[in-house]
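Structural overview
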Amino acid sequence: MKYITLIILLSISKSLTFANTIKSLPDTLVHGKVLFDIDGKPINAHGPGVMYHQGVYYLFGEIKNGKTWLVPGQNWEDYRVPAGGISCYSSTDMKHWKYSGIALKPVVNDPDNDLDTGRVIERPKVIYNEHTKKFVMWMHIDKNDYNYSRGGVAISDSPAGPYKYLGGVKPNGQMLRDMTLFKDENNKAYLIYSSENNNTMHVCLLSDNYLKPTTTYVRIFENKRRESPAIFKNKGKYYLITSGCTGWSPNAASYAVADHVMGPWKELGNPCKGPNAEVTFFSQGAFVLPVTSKPGKFIFMGDVWNKTDLEKSRYLWLPLNFNDDKIEIHNP
Ligand code: GAL
C-alpha cells in the first residue's frame, strides 16, 4: 500500500558512532522493510518511547497482536486491536535491537481491569527517577470508546521491567489521551497530553517521585485539536511536535517552541519538508530521541499505521535538522 512506506536505520558498520550514522543517513535508509530485532522477529513496539540509561537505549511500545476490528457503532476510524501490553527492546547502537520481553503484561478476561486485553493501552513512555531509583512508566489507558481517558502509571526497579501497574488517573479531573513524558535537566518531570476531548493539550508537572500529577498544569493549543505529542529540548529551548486528530490516518504535523516547558508555546507550523510533508510522510509522530553521544542530534520517530491490520503498522525514523532554531524533517 502506498502509505505503508517504512524507513529505518540499517546497514551501519558496528564501528561507526551514532553521530556518523546520522551523517550517513541518506545512504543507509531502506524503504519498505520491517524493523527486525536481532532474532529476526518484527519489532512490535508502536506509539514508542525510548529511554537512554547507562549506555543502553530501551525502546518501549504498544504490542499490537490479534485481529483488528472496527468498533460497532463508532465512526470509520475506530479500528481496534487487543491491547497486548507494552514491549521492551534494548540496543547500544540503535541498530541491533534485542527483545527484552513484555515490560508490562496485559490482563486477560477481566474487563474491569485497566490492563484487560479488551481495552486500550497506548503510547508508553519511561523515565528514571534519580531520587527513588525507580523506573516510571506512564501510558494512555482507555476503554474501546476512548471515553475513559486516563493516564496509567507503573514502576519497576530495572529498566526493562517487569513493571508493576499502580493505577490510572485523570490529572486534575481532566481527560488524558495521546500523551508523552518529559524529564527536564533539573529532574522535574511533566506529562503532556491531549485533553478536553482532544480539543486542548495540557502540560502537567508530576510529583517529585513521578507517580502523580500535581495541580500545576497549563492548557496549550486551546481548541486546536492536537495529539501525538513528541517533545525535546535543545540549547535551552523546548520543542513540541504534534499531529492533528484524524485517528489512524496521517495528517500534517506542527511544532511549537518555548523557553519553558509550561509555555508560552509559539507555533511555527509543519516541520516536515518536501513530498508528502502534508501527511508527515504517511506517519504520525510518537517520540523525538536525543542522540546521547551527540548533543544537538535528534531522531523523529513516527508510526506508519496500517489501520485495518494494526499489527502490520510500520515505523518511520528520520533525523531532525536545525535551521537556526527552526526544525526541519526531510524524507530523503
Ligand atoms: C490516533 C492516536 C492513536 C490512537 C488512534 C485511535 O489519533 O494518535 O494513538 O489512539 O487515534 O483511533
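One can find the structure itself at the top, above this paragraph.
A short tour of the structure in this document, coming up. (Residues numbered from 1 in each chain as written. Predicted model: local features only at pLDDT ≥ 70, side-chain atom pairs only at ≥ 80, totals over all residues. Heavy atoms only, no water.)

1. Quick look at the overall build of the chain
Broken down by element type, the chain carries 2 helices and 25 strands. Put simply, the chain has 332 residues, and 57% of those count as buried. Within the chain, residue pairs in contact and separated by at least 24 positions form 48% of the contacts whose partners lie at least 6 positions apart. (Helix = DSSP H or I, 4+ residues; strand = E, 2+ residues; numbered from the N terminus. Buried < 20%, exposed > 50% of the residue type's maximum accessible area, 1.4 Å probe, protein only. Contact = heavy atoms within 4.5 Å.)

2. Looking at the site of the ligand
Glu 122, Arg 123, Tyr 146, Asp 178, Glu 227, Gly 247, Trp 248 and Gln 284 make up every residue found near the ligand. In this structure, an oxygen atom belonging to the ligand sits 3.2 Å away from a main-chain N or O atom of Gly 247. Summarising the interface, the protein chains cover 93% of the accessible area of the ligand, which totals 310 Å² for the free molecule. Across the shell around the ligand, the residue classes break down as 2 nonpolar, 2 polar and 4 charged. (Near = heavy atom within 4 Å. Polar contact = N/O pair within 3.5 Å; in protein donor to acceptor, adjacent residues only side chain to side chain. Areas by Shrake-Rupley, 256 points an atom, 1.4 Å probe, with all protein chains shown as cover. Nonpolar A, V, L, I, M, F, W, Y, C, P; charged D, E, K, R; others polar.)

3. Considering the side chain of Arg 314
Here Arg 314 lies in strand β24 (residues 314-323). Although Arg 314 is buried, it forms no salt bridge, and the closest oppositely charged side chain is Asp 309 at an N-O distance of 7.9 Å. Of the polar contacts made by the side chain of Arg 314, one reaches the backbone oxygen of Lys 312; its length is 3.0 Å. (Lys, Arg positive; Asp, Glu negative; His and termini not counted. Salt bridge = Lys/Arg side-chain N within 4 Å of Asp/Glu carboxyl O.)

4. Describing unusual backbone geometry
A cis amide bond links Gly 161 with the next residue in sequence, Pro 162, at an omega value of 10 degrees. Take Pro 162: it is sitting in the loop between β11 (150-156) and β12 (164-169). Positive phi is not limited to glycine here, since Phe 281 has a value of about 55 degrees. Its location among the elements puts Phe 281 in the loop between β21 (272-273) and β22 (284-290).

5. A short note on the packing of aromatic side chains
Scanning the model with the defined rule gives 12 aromatic pairs in all. Both rings, one in Phe 182 and one in Tyr 238, keep their centres 5.8 Å apart while their planes meet at 80 degrees; by these two values the pair is edge-to-face. Placement of Phe 182 in strand β13 (residues 179-183) and of Tyr 238 in strand β18 (residues 237-243) is noted, with a sequence separation of 56 residues between them. When sorted by exposure, Phe 182 lands in the same class as Tyr 238, which is buried. (Phe/Tyr/Trp six-rings, centres within 6.5 Å; stacked < 30°, edge-to-face > 60°.)

6. Considerations on the nonpolar core
Within soluble globular proteins, side chains that are nonpolar tend to cluster in buried spots. Residues Phe 60, Leu 104, Met 137, Met 139 and Tyr 163 are the most contacted members of the largest nonpolar core, which totals 22 residues. Secondary structure elements with two or more residues in this core: β4 (56-64), β7 (83-91), β8 (98-104), β9 (120-129) and β10 (134-142). It is β10 that provides the largest number of residues to this core, a total of 4 residues. Beyond its immediate stretch of four places on either side in the chain, Leu 104 contacts Gly 85, Ile 86, Leu 115, Met 137, Met 139, Ala 154, Tyr 163 and Tyr 165. (Core = buried A, V, L, I, M, F, W, Y, C linked by side-chain atoms within 4.5 Å.)

7. Some words on the pairing of β13
Most of β13 is tucked away, with 4 of its 5 residues classed as buried. Where β13 lies against strand β14 (residues 189-195), 5 bridges are found, and the strand directions are antiparallel. Looking across to β14, one finds that Leu 181 is bridged to Leu 191. Hairpin remark: β13 followed by β14, antiparallel, with 5 residues in the connecting loop; positive phi at Asn 187, about 70 degrees. (Pairing = 2+ DSSP bridges.)

8. A short note on the pairing of strand β17 (residues 227-234)
Among the 8 residues in β17, 7 count as buried, and that is most of the element. In this sheet, β18 lies alongside β17 in antiparallel orientation, the contact comprising 6 bridges. Of the residues in β18, the one forming a bridge with Asn 234 is Lys 237. What sits between the antiparallel neighbours β17 and β18 is a turn of 2 residues, in which Lys 235 has the positive phi angle 50 degrees.

9. Overview of the sheet that holds β13
Spatially, the 4 strands line up as an open sheet ordered β13-β14-β15-β16, and their pairing is antiparallel. The two strands at the open ends of the sheet, each matched to only one other strand, are β13 and β16 (213-220). Each strand axis lies, on average, 25 degrees off the axis of its neighbour in the sheet, ignoring direction. Pairing of β14 with strand β15 (residues 200-206), which is carried by 6 bridges, proceeds in the antiparallel orientation. (Axes fitted to C-alpha atoms, helices over the stretch in contact; angles between N-to-C directions.)

Note that every value here comes from positions in space, so none of it alone points to a role or purpose.
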